[in-house]
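# Topology and contacts: notes
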Amino acid sequence: MGFRTVVIKCRAKIETRLNWLVIRSEEEKIVHLSEIGTLIIESTACAITTQALCVLARNNISVIFCDEKHLPYGGLSIFYGHHLSSGQIKRQSQWENSRKDIAWQEIIRQKIYWQKKVLEKYGKEESANLLSEYINKIEVGDETNREGHASKVYFNALLGSGFGRRTENEINGALNYGYSIIMSSVAREIAAAGYVTQLGIHHINEFNQFNLACDIMEVFRPLVDAYVLQISNFEKFKNLLSAILTTKAKMAGKEQFLDNAIAIFTRSVLKFMDGNEDIVKIDKFILEEGNEL
């Protein structure tokens, strides 16, 4: 699995040559495909060949396209990521609702736990204690919407009672940018395992092509939040967030780059839904040396 996130910010012609990604701008740069996990095309002045898109998809590389405001707008989705995809999709369409509810309970439990860790990191002990209570009260399927209550407490404590996620501002712009990178990575792993992103566990919006990716990525949202809270100059937030996949996570006693941790977690959710194993837990997020959740 690739470990680099490649960001193209200026006018360029993008193509592939043998096993290399070739970026032709004022000067030519090349990156071996085996090193790339995610490609972010930030400039709308870029041109990419259809051959390159096919090669990138074949190598399971996540591609994110940005709009004229340089914010993520869409991505490259592959149709067939696994030789048994027809059988996988058939099983996915038959996932039991009771199992979906248990999976969602565990996903939300882990999400709120990491929200609590972020609050503790910023000295918001009272709100963190309230989230601890919510964790103990999460029902199967989160019938009492502990997720929604926790998010309100969480964002109010960190960013003030006047903050809203639907408001257009620099903080939400940075959050959305980071979330898009995570969702793209999750969607890539879902497709690679032969499943489709449209059929979710909890998210069921018929207009959302990434319902399942939206479900699974919930656990990683607090990590993005922690990154954004460290930003002092929002004019350069993309430089920081584009490297988020090189963050490390500790799982089952082993440190993994975040991209690999996302793959492990995603596969465990899919296997759980197929009735094969439990959903893995993330033990620690390591933002950088000496700075962790």
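Residues numbered from 1 in each chain as written. Predicted model: local features only at pLDDT ≥ 70, side-chain atom pairs only at ≥ 80, totals over all residues. Heavy atoms only, no water.

### A word on the overall build of the protein
Operational definition: Going along the chain from the N terminus, every DSSP run of H or I of four or more residues is numbered as a helix, and every run of E of two or more is numbered as a strand. What the globule rule says is 2.2 Å times the number of residues to the power 0.38, and the radius of gyration is computed from C-alpha atoms. Burial classes: relative accessible area under 20% of the type maximum marks a residue as buried, over 50% as exposed, and values in between as partly exposed (1.4 Å probe, protein chains only). Contacts were defined at the residue level, with two residues in contact if any of their heavy atoms lie within 4.5 Å. Surface accessibility in these figures is a Shrake-Rupley result with a 1.4 Å probe; residues are shielded only by whichever protein chains are displayed.
Check the secondary structure of the protein and you find ten helices and twelve strands. For 293 residues, the compact-globule estimate of 2.2 N^0.38 gives 19 Å, and the protein sits close to it at 19 Å. On the principal axes, the C-alpha backbone points of the protein span a range of 55 × 50 × 40 Å. In the protein, buried positions account for 48% of the 293 residues. For the protein, restricting intrachain contacts to residue pairs at least 6 apart in sequence, the fraction spanning at least 24 positions comes to 64%. When the accessible surface of the protein is summed, it comes to about 14800 Å², and 48% of that surface belongs to carbon and sulfur atoms.

### Focus: the packing of helix 3 (residues 97–121) against helix 10 (residues 258–273)
In plain terms, the rule: Here, axes are lines fitted to C-alpha atoms. For helices the fit covers the stretch in contact, and angles between N-to-C directions go from 0 to 180 degrees. Angles are sorted into four bins: roughly parallel if under 35 degrees, roughly antiparallel if over 145, roughly perpendicular if 65 to 115, and oblique for all others. Definitions for this section: a left-handed crossing has its near helix turned counterclockwise from the far helix by less than a right angle. A right-handed crossing has that turn clockwise. Amino acid classes used here: Ala, Val, Leu, Ile, Met, Phe, Trp, Tyr, Cys and Pro are nonpolar; Asp, Glu, Lys and Arg are charged; the rest, including Gly, are polar.
At a minimum axis distance of 10 Å, the contact between helix 3 and helix 10 shows a crossing angle of 155 degrees. Here helix 3 is positioned roughly antiparallel relative to helix 10, judged by the angle of their axes. Crossing of helix 3 against helix 10: the hand is right-handed. Residue-level inspection shows R99, K100, I102, A103 and Q110 of helix 3 in contact with helix 10, the latter providing F265, F272 and M273. In the contact of helix 3 with helix 10, the residues fall into five nonpolar, one polar and two charged.

### A few points about the pattern of salt bridges
Here is the rule: A pairing counts as a salt bridge when a side-chain nitrogen of Lys or Arg comes within 4 Å of a carboxyl oxygen of Asp or Glu.
In this structure the tally under the stated criterion is 17 salt bridges. Across the pair E42 and K238 runs a salt bridge whose closest N-O atoms are separated by 3.6 Å. Taken together, the residues E42 in the loop between strand 5 (36–41) and strand 6 (47–48) and K238 in helix 9 (residues 237–241) connect sequence positions 196 residues apart. Accessibility assignment for this pair places E42 and K238 in one class, buried. Across the pair E120 and K116 runs a salt bridge whose closest N-O atoms are separated by 3.1 Å. In this pair, E120 and K116 both sit in helix 3, four residues apart, roughly one turn of the helix. Several salt bridges share partner residues, and in doing so they unite E15, R17, R24 and E28 into one network.

### Topic: the pairing of strand 3 (residues 20–24)
The side chains of a regular strand alternate between the sheet's two faces. Quick note on the threshold: Any two strands with at least two DSSP-identified bridges between them are counted as paired.
Sheet topology places strand 2 (residues 13–17) next to strand 3; five bridges connect them, and they run antiparallel. Looking at the pairing, R17 lines up with W20 of strand 3. The turn joining strand 2 and strand 3, which pair antiparallel and follow one another in sequence, is formed by two residues; a positive phi near 55 degrees is taken by L18. The pairing of strand 3 with strand 4 (residues 28–32) spans five bridges and is classified as antiparallel.

### Focus: the sheet that holds strand 5
Strand order across the open sheet formed by four strands is 1-5-7-8, with mixed pairing between neighbours. Of all strands in the sheet, those with a lone pairing partner are strand 1 (4–8) and strand 8 (72–75), marking the two edges. Going from strand to strand, the sheet's axes swing by 25 degrees on average, the running direction of each strand aside. Here strand 7 (residues 62–66) runs beside strand 8; their pairing, made up of three bridges, is antiparallel. Counterpart to C66 in the pairing with strand 8 is P72.

### What to know about the pairing of strand 7
Buried residues dominate strand 7, accounting for four of its five residues. Linking strand 7 to strand 8, which pair antiparallel, is a turn of five residues; within it H70 sits at a positive phi near 65 degrees.

### Topic: the environment of G75
Mapped onto the elements of the fold, G75 is located in strand 8. As for G75 and Q110, which are separated by 35 residues in sequence, their C-alpha atoms are 27 Å apart. Once residues lying within four places of it in the same chain are set aside, the contact partners of G75 are V63, I64 and F65.

### Thoughts on the sheet that holds strand 12 (residues 291–292)
Reading across from one edge, 10-9-11-12 is the order of the four strands in this open sheet, with antiparallel pairing throughout. Sheet topology places strand 10 (254–257) and strand 12 at the edges, where each strand pairs with a single neighbour. Along the sheet, helix 10 contacts strand 9 (248–251), strand 10 and strand 11 (284–288); its crossing angle with strand 10, the most-contacted strand, is approximately 105 degrees.

### Section: helix 4 (residues 125–136)
Structural remark: α-helix, 3.6 residues per turn; residues separated by three or four positions point the same way. Rules: The span expected for a helix works out to 1.5 Å for each residue beyond the first. The reported arc concerns the directions from the helix axis to the C-beta atoms and nothing else.
Taking 1.5 Å of rise per residue, twelve residues should cover 16 Å, and helix 4 covers 17 Å from first to last C-alpha, within 8% of that figure. Along helix 4, the residues classified as buried are S127, A128, L131, Y134 and I135. Along helix 4, the residues classed as buried sweep out an arc of 110 degrees about the axis, all on the same side. Exposed side chains of helix 4 directed beyond 90 degrees from the buried face belong to E126 and N136. Where the residues of helix 4 are buried, they touch helix 3 and helix 5 (146–159).

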